[in-house]
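# Structure at a glance
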Amino acid sequence: MAIIAPSVLNADFSRLAEQITALESGGADWIHLDIMDGHFVPNMTFGPMIVAAIRRITALPLDVHLMISNADAYISAFQEAGADLITVHVEACPHLWRTLENIRTLGVRPGVTLNPATPLLMIEPVLSLVEMVLVMSVEPGFGGQRYLPGAGERIAQLKRWRAERSLEYLIEVDGGIDETSASGVVSAGADVLVIGQAIFRQNDIAGAVRQLRMSLQA
Ligand code: DX5
Ligand code: ZN
């Protein structure tokens, strides 16, 4: 069964605690946190302070997706804030080997990701260092975008590499996932689904998570 990791990017931040509780009661497995700096991506969100606040109100694993330049300088701050997984972009980290080892040394599960137009081969050398590979299925920066084609083939290739090399990383997909695109990426081999708008556009957030779970089981 796929792990459901709702992204709070499109939550109502004036009611964040209440909405995270709703995600939990709907059966969310993880909380996905999109960190944007207005530089690596053309949008800004929040930093370690908000991650620490979320850490205090939920026991669910916090899946932190760093869309920031100079990610290396902020990894320890996100670890201290309570991140369980930290995923970095290959486009923002010129020394990936060092970055991923640094994340692991801090006791956090390291993940790597790439933009839709970046060749998958860019992350192939570090697959043995990560616990998760995130396949972006939109250009990072905003919630509610259209799912771009091509993620399914990337997921299938990552699944083949994992089997050939006896590795164990999870394959996560992020961007434009709803009931329709979810079934395709799950059959391609996705283990973790990040879902933003498809949940937060509904009035009943808990019900939206339950509904997604049921459609995946069907
Ligand atoms: C995009 C973010 C995603 C986004 C997903 O930069 O990484 O996590 O919030 O949201 P939806 O599901 O609305 O595409
Ligand atoms: Zn994300």
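Since we're looking at a predicted model, the values are computed, not measured.

### Points about the packing of aromatic side chains
The full count for this structure, using the stated rule, is one aromatic pair. With a centroid separation of 5.7 Å and 45° between ring planes, the pair formed by Phe-13 and Phe-46 is classed as tilted. Of the two residues, Phe-13 is situated in the loop between β1 (3-6) and α1 (16-26) and Phe-46 in the loop between β2 (31-36) and α2 (48-57); the sequence distance between them amounts to 33 residues. Judged by relative accessible area, which is 38%, Phe-13 ranks as partly exposed. Relative accessible area serves as the criterion here: at 10%, Phe-46 is assigned to the buried category.

### Notes on the coordination of the zinc ion (ligand 2)
Every protein donor of the zinc ion (ligand 2) is listed here as His-32 (NE2), Asp-34 (OD), His-65 (ND1) and Asp-174 (OD), and their distances to the metal cover 2.0 to 2.3 Å. Mapping the donors of the zinc ion (ligand 2) onto the primary sequence gives the spacing H-x1-D-x30-H-x108-D. Here Asp-174 lies in strand β7 (residues 170-174) and His-32 lies in strand β2, a separation of 142 residues in the sequence. Exposure class is identical for His-32 and Asp-174. Each is buried.

### Things to note about the sheet that holds strand β3 (residues 62-67)
Strand order in this open sheet of eight strands is β1-β8-β7-β6-β5-β4-β3-β2, and the pairing throughout is parallel. Here the strands that pair on one side only, and so sit at the sheet edges, are β1 and β2. The average angle at which neighbouring strand axes cross in this sheet is 25°, direction not considered. On the sheet, helix α4 (residues 96-105) packs against β4 (85-89) and β5 (109-114) and is oriented at approximately 145° with respect to β5.

### Focus: the nonpolar core
Formed by 66 residues in total, the largest nonpolar core has its most connected members in Val-8, Leu-66, Ile-86, Val-88, Ile-123 and Leu-158. Ranked by residue count, the leading element in this core is helix α8 (residues 205-217), at six residues. With near-sequence residues (within four places) excluded, Val-88 lies in contact with Leu-66, Ala-71, Ile-75, Cys-93, Leu-96, Thr-99, Leu-100, Ile-103, Gly-111, Val-112 and Thr-113. Core analysis: the second largest hydrophobic core is formed by seven residues, Trp-30, Leu-85, Met-132 and Val-192 among them.

### Observations concerning the side chain of Ser-181
By the element assignment, Ser-181 lies in helix α6 (residues 179-188). Discounting chain neighbours no more than four positions away, the residues touching Ser-181 are Tyr-147 and Gly-176.

### A closer look at the pairing of strand β8 (residues 192-195)
Covered by surrounding structure in β8 are Val-192 and Val-194 together with Leu-193 and Ile-195, the residues of both alternating faces. With four bridges connecting them, β1 and β8 associate as parallel partners. Paired with Ile-3 across the strands is Val-192, a residue of β8. Where β7 meets β8, three bridges bridge the pair, whose relative direction is parallel. Each residue of the ladder has a partner; that of Val-173, found in β8, is Leu-193. With α6 bridging β7 and the parallel β8, this β-α-β connection has right-handed handedness.

### Description of the site of ligand 1
The full set close to ligand 1 counts 20 residues, and Asp-34, Gly-141, Gly-144, Asp-174 and Gly-176 are the nearest of them. Residue Asp-34 places a side-chain N or O atom 2.7 Å away from an oxygen atom belonging to ligand 1. His-65 is positioned with one of its side-chain polar atoms (N or O) 3.2 Å from an oxygen atom of ligand 1. Contact with the protein chains hides 99% of the accessible area of ligand 1, taken as 380 Å² for the molecule alone. Here ligand 1 is seated within the largest pocket. Among the elements of the structure, β2, β3 and β8 are those that each provide at least two residues to the shell around ligand 1.

Criteria and cut-off values
- Residues numbered from 1 in each chain as written.
- Chains lettered and ligands numbered in written order.
- Predicted model: local features only at pLDDT ≥ 70, side-chain atom pairs only at ≥ 80, totals over all residues.
- Heavy atoms only, no water.
- Phe/Tyr/Trp six-rings, centres within 6.5 Å; stacked < 30°, edge-to-face > 60°.
- Helix = DSSP H or I, 4+ residues; strand = E, 2+ residues; numbered from the N terminus.
- Buried < 20%, exposed > 50% of the residue type's maximum accessible area, 1.4 Å probe, protein only.
- Donors = N, O, S within 2.8 Å, 3.2 Å for Na, K, Ca; no water.
- Pairing = 2+ DSSP bridges.
- Axes fitted to C-alpha atoms, helices over the stretch in contact; angles between N-to-C directions.
- Contact = heavy atoms within 4.5 Å.
- Core = buried A, V, L, I, M, F, W, Y, C linked by side-chain atoms within 4.5 Å.
- Right-handed = clockwise from strand over helix to strand, strands pointing away.
- Near = heavy atom within 4 Å.
- Polar contact = N/O pair within 3.5 Å; in protein donor to acceptor, adjacent residues only side chain to side chain.
- Areas by Shrake-Rupley, 256 points an atom, 1.4 Å probe, with all protein chains shown as cover.
- 1 Å grid on protein atoms, 1.4 Å probe; cavity = no way out; pocket = protein on both sides within 12 Å on 5 of 7 lines; lining within 4 Å.
- Sits in = over half its atoms within 2 Å of the grid points.

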